[in-house]
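If you want the building blocks of each chain, they are given just below.
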Amino acid sequence: MTIAIVGAGLGGLALARVLHVNGIDAVLYEREPSRDARGQGGMLDIHSGQRALREAGLIDQFHAIARGEGQDMRLLEPDGTLLLQEDTPDDAPLERPEVDRADLRGLLLDSLPEDAVRWGHAFTSAGDGLLHFADGSTATYGLLVGADGAQSRVRALLTDARPAHIGQNAVELGIPDIDRTHPDLAAMVGRGNYWVLGDGMSLAAQRNGDGRVRIGLSFYNTAEDFFSASGIPFGDPAAARARLIDLLSGWDARFTALIAACDDTVVPRPITALPVGLTWPSTPGVTLLGDAAHLMPPVGEGANMALLDGAALGLALAAHPDDFPTAVAAYEREMFERTSAAARMSARIQDMLMSPDAARKMLAFFRPD
Ligand SMILES: Cc1cc2nc3c(=O)[nH]c(=O)nc-3n(C[C@H](O)[C@H](O)[C@H](O)COP(=O)(O)OP(=O)(O)OC[C@H]3O[C@@H](n4cnc5c(N)ncnc54)[C@H](O)[C@@H]3O)c2cc1C
C-alpha cells in the first residue's frame, strides 16, 4: 500500500523524511523536472517548524544553515521615522532564525534516499486507485497526500474551497550583491528584516544568504484587477520601477532609492488565501497538508505549518502503519485545530497591515508595553 505524496515542497519532504526515519517508504511525485529546475528564492522565518525538524532528526543540521542575525528587525514609517530596531546578539537563541528556502529544501532532499522523488511528474487527477500525470503515465497508491501547494490539484478531491484574493497585491523586486553594488543601502537595510509600513502600502526588504536583498512592495485594500488597472508596465522593468516610485509619492527618498537600485526582477504577486478554519469530512485514501490545506496570508506561518503537518502525518502513519484511515483522521483532527489557530493569528496580523496607522499598530504588537 504505497504512500504517494504529490509535491516535493517543504511539507511533502518533511512527511517523507519522518516516514523514512520510522522505516516507512513513500514516493514523492514532483512536477519540476529536477531539484535545481527553479530558483527557490527568499528566506523563511522558521520558529514552530523547528519541532518538525527535530522529529525529522535534522535539527542540528538546520541550526548549521540557519542565520541567527536574520532575526534583526527595523520598523519605519514612510517619512523615515525609525520606530523599532532590534539587533540580535551573537549568543541569542535561534528562536526565529531565517533560512534560505533552497538550503532548507536541500537539507530535506539530501536526507532522503536518492530515488525518493520522481521528478517531472505533474499530477493531474486520481481515480480507481490510480494517479494520473500530465505525461500520460500512471501510478498506483494506497494513500494520496496532496502536498502540492497553493494551487493544489489534489484539493478538489476533498473540498470545493479555492484560494480567494485577500485585497493585497505585491510586487517582488531585488538588489543583487548589495554590499558591493550599494553599500549605503546595505547598511540601511541591515542584516535581517526592514519594514516600512504606510497607510495602504508597505515595503519589506530582507537580506538573503546570497547577498541579495529581496524587496516586496505591497498595495493593500486593492482589487484583484489592481495590476491591470495600475499601469505598471511589467514587460519593461525600468519603466515598471519608475511607475512604482511614482506610486510611493511622499515617501522618504531613501525608500525610493531602494526601488531605483533594483535589477530587472519585477514580478506581480496577487495574494490569495483559503478560508480560515477550512475543514473537510475525513475521506479514506486522501488527505492534504501545507498550503494545499490552509493557504494563509504571507505573515510567516505557512512554511512552519507545512513542516509541522508533514511531521504530524508522518508520526500518525508510523503509529498506525496498517490503518491509513485512522492515521489520517488523527492527523486531520490535530492539523485542523493547530492550523486554524495559526490562520486566525495570520488574519489578525494581516488586518493590522491593512489598517490605517499600520506602523504604530505593528509597533504595539511587537512592544505591547
Ligand atoms: C515570498 C514568500 C515568503 C514567505 N515567507 C515565509 C516565512 O518567512 N515563514 C513561513 O512560515 N512561511 C513563509 N511563506 C509561506 C511558505 O513559503 C509556504 O507556506 C510553504 O512553502 C508551503 O509549503 P508546501 O510544502 O505546502 O508548498 P510548496 O512549498 O509550495 O511546495 C509545493 C510543491 O508541489 C509541487 N507541485 C505543485 N503542483 C503539482 C502537481 N500538480 N504535481 C506535482 N507537483 C506539484 C510544486 O512544484 C512544489 O514543489 C512565504 C511565502 C512566500 C511566497
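What you see is a predicted model, and the numbers here were worked out from it, not measured in a lab.

Observations regarding the pairing of strand β4 (residues 73–76)
- By the alternation rule, side chains of β4 split into M73 and L75 and R74 and L76, which are all buried.
- Taken together, the four bridges between β4 and strand β5 (residues 82–86) define a ladder with antiparallel strand orientation. Directly across from L76, in β5, lies its bridge partner L82.
- The hairpin formed by β4 and β5 contains five residues between the paired strands, and G80 there has a positive phi angle of roughly 100°.

Examining the nonpolar core
- Counting 71 residues, the largest nonpolar core has I3, I5, I46, F62, L104 and L317 as its most contacted members.
- Formed by 31 residues, the second largest nonpolar core is a distinct cluster that contains L76, L185, L217 and W251.

A few points about the packing of helix α11 (residues 302–319) against helix α12 (residues 324–354)
- Orientation of α11 relative to α12, taken along the N-to-C sense of each, is 155°, at an axis distance of 8 Å. As summarised for this structure, α11 and α12 are arranged roughly antiparallel, according to the angle between their axes. Relative to α12, α11 is oriented so that their crossing is right-handed. Only F324, A327, Y331, E334, M335, R338, T339 and A342 of α12 make contact with α11, whose side of the interface consists of M305, L308, D309, A312, L313, A316 and L317.
- Across the contact of α11 with α12, the residue classes break down as 11 nonpolar, one polar and three charged.

Observations regarding helix α8 (residues 237–247)
- Among all positions of α8, only P237, A240, R241 and L244 are buried. The arc enclosing the buried residues of α8, seen along the axis, measures out at 100°, which places them on a common side.
- Those residues of α8 that are buried are in contact with β12 (164–175), β15 (213–220) and α9 (253–260).

Re the sheet that holds strand β8 (residues 123–127)
- One open sheet accounts for three strands, arranged β8-β9-β10; its pairing is antiparallel. Each edge of the open sheet is held by one strand with a lone partner, namely β8 and β10 (138–140). Strand-to-strand twist of the sheet, defined as the mean angle between neighbouring strand axes without regard to direction, takes the value 25°.
- With three bridges joining them, strand β9 (residues 130–133) and β10 adopt antiparallel strand pairing. From the neighbouring strand, H132 faces β10, where its bridge partner is T138.

Considering the UniProt feature "binding site: FAD" (unreviewed entry) in the protein
- In the UniProt entry, the feature "binding site: FAD" (unreviewed entry) is given for D45, R101 and D291.
- By secondary structure assignment, the location of R101 is in helix α4 (residues 101–110).
- Residue class for R101 comes out partly exposed when judged on its relative accessible area of 30%.
- Summarising the element assignment, D291 is placed in helix α10 (residues 291–294).
- Since its relative accessible area comes to 28%, D291 is described here as partly exposed.
- Each residue touching D291, except ones within four places of it in the same chain, is listed here: G149, A150, R155, L274 and G302.

Focus: the layout of surface pockets
- In this model, the second largest pocket occupies a volume close to 160 Å³.
- Contributions of two or more residues to the lining of the second largest pocket are made by α10 and α12.
- Considering every element that reaches the lining of the second largest pocket, the biggest residue donor is α12, with eight residues.
- Tallied by class, residues from the lining of the second largest pocket come to 15 nonpolar, five polar and no charged.

Considering unusual backbone geometry
- In the Ramachandran plot, D128 falls in the positive-phi region, its phi being about 50° despite a non-glycine side chain.
- Along the chain, D128 falls in the loop between β8 and β9.
- A positive phi angle is found at D357, which is not glycine, with a value near 65°.
- Note that D357 resides in the loop between α12 and α13 (358–366).
- Overall, the relative accessible area of 40% leaves D357 in the partly exposed class.

Conventions we followed
- Residues numbered from 1 in each chain as written.
- Predicted model: local features only at pLDDT ≥ 70, side-chain atom pairs only at ≥ 80, totals over all residues.
- Heavy atoms only, no water.
- Buried < 20%, exposed > 50% of the residue type's maximum accessible area, 1.4 Å probe, protein only.
- Helix = DSSP H or I, 4+ residues; strand = E, 2+ residues; numbered from the N terminus.
- Pairing = 2+ DSSP bridges.
- Core = buried A, V, L, I, M, F, W, Y, C linked by side-chain atoms within 4.5 Å.
- Axes fitted to C-alpha atoms, helices over the stretch in contact; angles between N-to-C directions.
- Parallel < 35°, antiparallel > 145°, perpendicular 65-115°, else oblique.
- Left-handed = near helix turned anticlockwise from the far one by under 90°.
- Contact = heavy atoms within 4.5 Å.
- Nonpolar A, V, L, I, M, F, W, Y, C, P; charged D, E, K, R; others polar.
- Arc of directions from axis to C-beta.
- UniProt positions renumbered as here; feature names shortened; annotations may be inferred.
- 1 Å grid on protein atoms, 1.4 Å probe; cavity = no way out; pocket = protein on both sides within 12 Å on 5 of 7 lines; lining within 4 Å.
- Points joined across faces, edges and corners; volume = space filled by probe spheres on them.

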